[in-house]
Amino acid sequence: MEELLILTRGGTFGCAVRHLCTISTVSLPYWPLHFSDTDALFGKSFPVRRIRRRVKKQSICNMAKYEGNAVKSDVNSGNMLFEPILEEGIFRFDCSANDRTSGFPSLSFINSTDRDTPIMSHKLPSFIPSFECVHGQQIVNMKLPSGTSFYGTGEVSGQLERTGKRVFTWNTDAWGYGSGTTSLYQSHPWVLAVLPTGEAIGFLADTTRRCEIDLRKESTIQFLAPYSYPVITFGPFPSPTDVLISLSHAIGTVFMPPKWSLGYHQCRWSYDSDARVREIAKTFREKGIPCDVIWMDIDYMDGFRCFTFDKNRFPDAKTLVKDLHKDGFKAIWMLDPGIKHEGGYFVCDSGFENDVWILKADGKPFVGEVWPGPCVFPDFTQSKTRSWWAHLVKEFVSNGVDGIWNDMNEPAVFKSVTKTMPESNIHRGDIEYGGSQNHAYYHNVYGMLMARSTYEGMKLACENKRPFVLTRAGFIGSQRFAATWTGDNLSNWEHLHMSISMVLQLGLSGQPLSGPDIGGFAGNATPKLFARWMGVGSLFPFCRGHTETDTLDHEPWSFGEECEEVCRLALRRRYRLIPHIYTLFYMASTTGTPVAAPTFFADPTDPILRTLETSFLLGPLLVYASTMPDLKLDEHVLPTGIWLTFDFDDSHPELPLLYLKGGSIIPLGPPHQHVGEASGKDDLTLLVALDDHGKAEGLLFEDDGDGYEYFHGGYLLTYYAAELQSSVVTVRISKSEGSWERPIRRLHVQLLLGGGSMIDAWGIDGEILQITMPSGNEVSRLISVSEKQYRTRIENAKQVPDVEKVSGQKGIELSMTPIELKSGDWILKVVPWVGGRIFSMVHLPSGTQWLHSRVEINGYEEFSGVDYRSAGCSEEYIVTERNLEQAGQEESLKLESDIGGGLVLQRHIYIPKGNSRVFRIESSILARKVGAGSGGFSRLVCLRVHPMFSLLHPTNSFVSFVSINGSEHEVWPESGEQLFEGDLRPNGEWMLADKSLGLGLVNRFNIKEVYKCLVHWGTGTVNLELWSEERPVSKQSPLRVSHEYEVREI
């Protein structure tokens, strides 16, 4: 038995391994293959037939195949076949030659034919993936050198370096997600691997379907998705930046944002009237806090009907926007995909006339419930639907709309266990997208196609303005049409910390225009949390404050004058830096370079930098923040080389530290109140940091700030250089591009010396400016003075109060620190101050978050009665005992709460020292002060254990058990709510099974204590409830329920 490998030599190495005739299961080893190594392939270890073949550029397009499923392969496992595509260093891998010609088109590439057209190349891939096809799933594995670090995977929570993580690309409405949530709002089946050498390579699983990205095995990438799909590799290239540039040639670069969109955005759900909007705008200007945009959430609509305005609260949107424009504000308005199913509503009527709706399997329009009630959904996979929507947007923009916010476009559907529409729904897609397919195929690209339609509608409305669209859902490639944000985060320190990594991961996945809801969306921030978040958030590419309904106000002035001052300083920083940030976006939109990048981009060879999560780069500018309540900015790591600290005489304990890399020049502007105040005659400031050779360089991009004249030369791109010679630093223009005339303006150069000190010099932009360097002693003196001034500013700064609770506030406090139990297989997070609930339950070996909820509701709760949310579910619990594993004890927590009538609900949560695979909960209702007049007995009570588990794969999840009478049960979501009593109760054990994960969460309990078991399926959740008997209790006769959880492979 032998494996025949057909290779080519000469000028066509790129077509090597065009076909594998699998006679045995021998696999190629994973070695780097370089041009100089190719002769090694022709050794004696296996026979090789040397052939020559001519590669013709061709478009593989057998469009008829898209109407059904991809053709099945006759090869079940082996090494993938490759061919070079697009440009040098990019390879396409397929399981077989048949798969290459029968696969679905690419929805990530700008041009799908680029993925399907081979090119001439003299390179071989350095790494060849292997594959296995099992039960309709294609599993691809890439083994990389030990010490490789993983990044990317798109919009993901948790750590920056992704080794040990697993995510699923399935766009999901993930309100209040946690660090272990595996599916968020967007899908990027992409991994950026940084090799030990500092070189980097990217891997794209080019499929729109649900895809598992498994990075749990060190230095190994595994993709798992329905068969078949190609894997595209980019590199290895010398640096991660080179990989991102190469990726952008395939999936496109970010759209060039209008300059005003780089200012600060203020939003909440909702500014419910035009009067409130005007009040917010007026307050910004009165308080001197920079802001460019105010957002209108869903409540501006008439009954949540898209493209309408509430006549009472927003009677004249056009006049409102006109007045906002006078004060330097833009207005952005929300549009959702769910269109109210209602005769007489012009959008609904028009949609039926044009036949644009997504259909059920029976061919009738799908109706699902969202904010307006019953809704129909546009099928954006059809060009006629996108055109229909674009013309609606065009008319909508005539009201003075400056930007559009696409929300709920996963698409989210209420009252559905999957949180979305059935996968059996039908999209009648364009043939170049894959033709008519079910929703499982198009789900992950729905949000991107909606954003595209909105973007194109805005361009129709005004061809001379750049559209600004913000989308919640997206796919790799969405950056061509829209910005994004990190979804419905929480107002707590964990989410502040995660926001840096989340913005960076999106940038490493091709989407540089992103940011979090500053201050957190859900819950109430504290003054310190909000100030700290504004400090770092003001330096993200997209900068917006936002909060949900029924929370405190979250405007910059809402947390007291100390916090207000920090917000003012932070936003003035941003506006000074806008010339630099705008230049970064020009480079990103034209070359694919990142805007915000991880610190290790400064030195990809340094392994220490690869896990830094509190700092990031904006070009050569390094931002170092504290994301924990206790400041620890004094202890931080800098990349090798020269890094000079600076500020704007605005240093504050709550603001990040700023450093400029030696050898760099960045442009700065005045701290205007809005971008529209800027003028070409404004003083231009250049911040200069010389390298160890006494040189520095940088650039500035300028244009109208909107429109497309820059496509035709209507811009000015200036390259500045500085050089030290004979104690004189000369600053000059080394090169310039574009047809714009240079404005007549003053040039202010600030030459950094170290320790925050600098030399100021003034001149005229365009003329040579020379600066005489002071003596070494004078430099030392200046540094000493600057450091002293810095310490004085920090010491004299008004401290932002560290308030945890505000009397009489609405909403729930989320910024208090949860208690974490971590041992063995589990990490549990508990909030004693509201229900004593477990709101996060993460199984470490599988990386699965079985339970994740809001802090104030759901999660693991316990009630004291048969009624839902009876006493015990929201009361404050007192921690009576806390043992730490480090202290030699088992990891445990004891809580109790007064539930009235002399009763307490007591709970003991622990991870047994001898069996760390499980965690146990022992709960009791105890009579502590029951009066003698009642005979020593309490009211009628029932201990109702109410855990709400998250369903990662709702359609592949079920509850199974064997009942006391021996009958076997499988309870699926479509069965609704079911109650099991008597001999139908599980015999002490039941399991929540996830077939996609191959795992089950086993819940064992004492059958003598449990009288009823309830299964209730919700929207993306399931409750597995245990009920005690219902009776009065006394001091001698408490109610108890003891149970435990363990994860088992199925």
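Quick summary incoming for the structure in this document. (Residues numbered from 1 in each chain as written. Predicted model: local features only at pLDDT ≥ 70, side-chain atom pairs only at ≥ 80, totals over all residues. Heavy atoms only, no water.)

### Here's the deal with the overall build of the protein chain
A count of helical and extended segments in the protein chain gives 13 helices and 62 strands. Against the globule reference of 31 Å for 1050 residues, the protein chain gives a C-alpha radius of gyration of 30 Å, in line with a compact fold. C-alpha extents for the protein chain along the principal axes are approximately 95 × 80 × 70 Å. At a minimum sequence separation of 6, the contacts of the protein chain that also span at least 24 residues come to 69%. Measuring between centres, the 102 positive side-chain charges of the protein chain sit 2 Å from its 126 negative side-chain charges. (Helix = DSSP H or I, 4+ residues; strand = E, 2+ residues; numbered from the N terminus. Rg over C-alpha atoms; globule rule 2.2 N^0.38 Å. Contact = heavy atoms within 4.5 Å. Lys, Arg positive; Asp, Glu negative; His and termini not counted. Charge placed at Lys NZ, Arg CZ, Asp CG, Glu CD.)

### Let's talk about the sheet that holds strand 22 (residues 373-376)
One open sheet accounts for 3 strands, arranged 20-22-21; its pairing is antiparallel. Edge positions in the open sheet fall to strand 20 (339-340) and strand 21 (368-370), since each of these has one partner strand only. Both strand 21 and strand 22 contribute to a ladder of 3 bridges, which runs antiparallel. The residue bridging Glu369 from the neighbouring strand is Pro374, located in strand 22. (Pairing = 2+ DSSP bridges.)

### Focus on the pattern of salt bridges
For the structure on display, the rule yields 61 salt bridges. For Glu654, the salt bridge is made with Arg532, and the minimal N-O distance between the two is 2.6 Å. Placement of Glu654 in the loop between strand 35 (643-646) and strand 36 (657-661) and of Arg532 in helix 11 (residues 527-537) is noted, with a sequence separation of 122 residues between them. In this structure, Glu654 and Arg532 share a single accessibility class: buried. (Salt bridge = Lys/Arg side-chain N within 4 Å of Asp/Glu carboxyl O. Buried < 20%, exposed > 50% of the residue type's maximum accessible area, 1.4 Å probe, protein only.)

### Re the state of the cysteines
Summed over all chains, the structure comprises 0 disulfides. With no disulfide of its own, Cys348 lies 9.1 Å from the sulfur of Cys375, the closest cysteine sulfur. Judged by relative accessible area, which is 1%, Cys348 ranks as buried. Of all cysteine sulfurs in the structure, the one in Cys306 sits closest to Cys375, which takes part in no disulfide; the separation is 8.0 Å. In this structure Cys375 comes out as buried when scored by relative accessible area, which is 0%. (Disulfide = S-S within 2.5 Å.)

### Observations concerning unusual backbone geometry
Put simply, Tyr227 and Ser228 share a cis peptide bond, and its omega is -10°. Tracing the sequence through the fold places Ser228 in the loop between strand 15 (220-226) and strand 16 (231-237). Following Trp269, the chain continues to Ser270 via a peptide bond in cis, the omega torsion being 0°. Note that Ser270 resides in the loop between strand 17 (265-266) and helix 4 (274-287).

### Overview of the side chain of Asp292
Position of Asp292 among the secondary structure elements: in the loop between helix 4 and strand 18 (293-296). At 2.7 Å, the side chain of Asp292 forms a polar contact with the side chain of Tyr575. Within the structure, the side chain of Asp292 is placed 3.0 Å from the backbone nitrogen of Val675, a separation counted as a polar contact. In contact with Asp292, other than residues within four places in its own chain, are Trp260, Gly263, Tyr264, Gly328, Phe329, Lys330, Tyr575, His674, Val675 and Gly676. (Polar contact = N/O pair within 3.5 Å; in protein donor to acceptor, adjacent residues only side chain to side chain.)

### A word on the nonpolar core
In this structure, Phe234, Tyr300, Trp333, Phe468 and Phe616 are the most contacted members of the largest nonpolar core, which totals 178 residues. Residue contributions to this core peak at 15 residues, all from helix 12 (residues 561-591). (Core = buried A, V, L, I, M, F, W, Y, C linked by side-chain atoms within 4.5 Å.)

### Overview of the environment of Glu862
Looking at the element boundaries, Glu862 is found in strand 49 (residues 860-863). Sequence separation of Glu862 and Ser514 is 348 residues, and the distance between their C-alpha atoms is 39 Å. Discounting residues that sit within four places of it in the chain, Glu862 has contacts with Ala871, Gly872, Cys873, Leu905, Arg907, Ile921, Ser923, Leu943, Arg944 and Val945. Only 3.0 Å separates the side chain of Glu862 from the side chain of Arg907, close enough to count as a polar contact.

### Some remarks on the sheet that holds strand 19 (residues 330-335)
An order of 29-28-26-23-19-18-17-31-30 is seen for the 9 strands of this open sheet, with the pairing classed as parallel. Strand pairing shows two members of the sheet lacking a second neighbour, strand 29 (514-515) and strand 30 (517-518), which therefore form its edges. Here 4 bridges tie strand 18 to strand 19, and the two strands are oriented parallel to one another. Looking at the pairing, Met296 lines up with Trp333 of strand 19. Relative to strand 19, helix 7 (residues 383-397) is tilted by about 145°, and along the sheet it contacts strand 19 and strand 23 (403-406). (Axes fitted to C-alpha atoms, helices over the stretch in contact; angles between N-to-C directions.)

### Describing the pairing of strand 58 (residues 989-994)
Among the 6 residues in strand 58, 5 count as buried, and that is most of the element. Bridging between strand 58 and strand 59 (residues 999-1005) involves 6 bridges; their strand directions are antiparallel. The residue bridging Ala993 from the neighbouring strand is Gly1000, located in strand 59. Here strand 58 folds back onto strand 59 in antiparallel fashion, the turn holding 4 residues, of which Gly998 has a positive phi close to 70°.

### A few points about the pairing of strand 48 (residues 848-852)
For strand 48, a buried count of 5 out of 5 residues is recorded, marking the element as mostly surrounded by other parts of the structure. Sheet topology places strand 47 (residues 837-843) next to strand 48; 4 bridges connect them, and they run antiparallel. Paired with Met841 across the two strands is Leu851, which belongs to strand 48. The antiparallel hairpin formed by strand 47 and strand 48 contains 4 residues in its connecting segment, where Gly847 sits at a positive phi of about 65°.

### Description of helix 4
For helix 4, built from 14 residues, the straight-helix expectation of 20 Å at 1.5 Å per residue is met to within 8% by its first-to-last C-alpha distance of 20 Å. Of all the positions in helix 4, only Asp274, Val277, Ile280, Ala281, Thr283 and Phe284 are classed as buried. Taken together, the buried residues of helix 4 touch strand 17, strand 18 and helix 5 (317-326). Looking one or two places after helix 4, you find Gly288, whose phi comes out positive at around 65°. (Expected span 1.5 Å × (residues − 1).)

### Here's the deal with the side chain of Asp488
With respect to the helices and strands, Asp488 occurs in the loop between strand 28 (483-485) and helix 10 (493-507). Of the residues examined, Asp488 reaches a relative accessible area of 8% and is grouped as buried. With near-sequence residues (within four places) excluded, Asp488 lies in contact with Asp173, Ala174, Trp175, Gly176, Tyr177, Tyr185, Arg472 and Phe521.

### Looking at the environment of Leu753
If you trace the backbone, Leu753 turns up in strand 42 (residues 746-754). Between the C-alpha atoms of Leu753 and Val1002, which are 249 residues apart in sequence, the distance is 62 Å. Setting aside residues up to four positions removed in sequence, Leu753 forms contacts with Leu644, Met758, Ile759, Met773, Val779, Leu782 and Ile783.

### Notes on the environment of Cys873
Mapped onto the secondary structure, Cys873 falls in the loop between strand 49 and strand 50 (878-883). Take Cys873: its relative accessible area is 2%, and that puts it in the buried class. Residues Cys873 and Leu992, 119 residues apart in the sequence, show an inter-C-alpha distance of 23 Å. Dropping the residues within four chain positions of it, Cys873 is found in contact with Gly835, Arg837, Glu861, Glu862 and Phe863.

### With respect to helix 5
Of the positions making up helix 5, those classed as buried are Ala317, Leu320, Val321 and Leu324. The arc that holds every buried residue of helix 5, seen down its axis, measures 95°, which confines them to one face. For helix 5, exposure combined with an orientation more than 90 degrees from the buried face picks out Lys322 and Lys326. Here the buried face of helix 5 lies against helix 4, strand 18 and strand 19. (Arc of directions from axis to C-beta.)

### Focus on the packing of helix 11 against helix 12
Interaxial distance between helix 11 and helix 12 falls to 8 Å at its minimum, and their mutual angle equals 5°. Comparing their axes, helix 12 and helix 11 come out roughly parallel. Contacts between helix 11 and helix 12 involve Pro527, Phe530, Ala531, Met534, Gly535 and Gly537 from the former and Cys563, Val566, Cys567, Ala570, Leu571 and Arg574 from the latter. Among the residues making up the contact of helix 11 with helix 12, the classes are represented as 9 nonpolar, 2 polar and 1 charged. (Parallel < 35°, antiparallel > 145°, perpendicular 65-115°, else oblique. Nonpolar A, V, L, I, M, F, W, Y, C, P; charged D, E, K, R; others polar.)

Everything listed is a geometric property; what it means functionally is a separate question.
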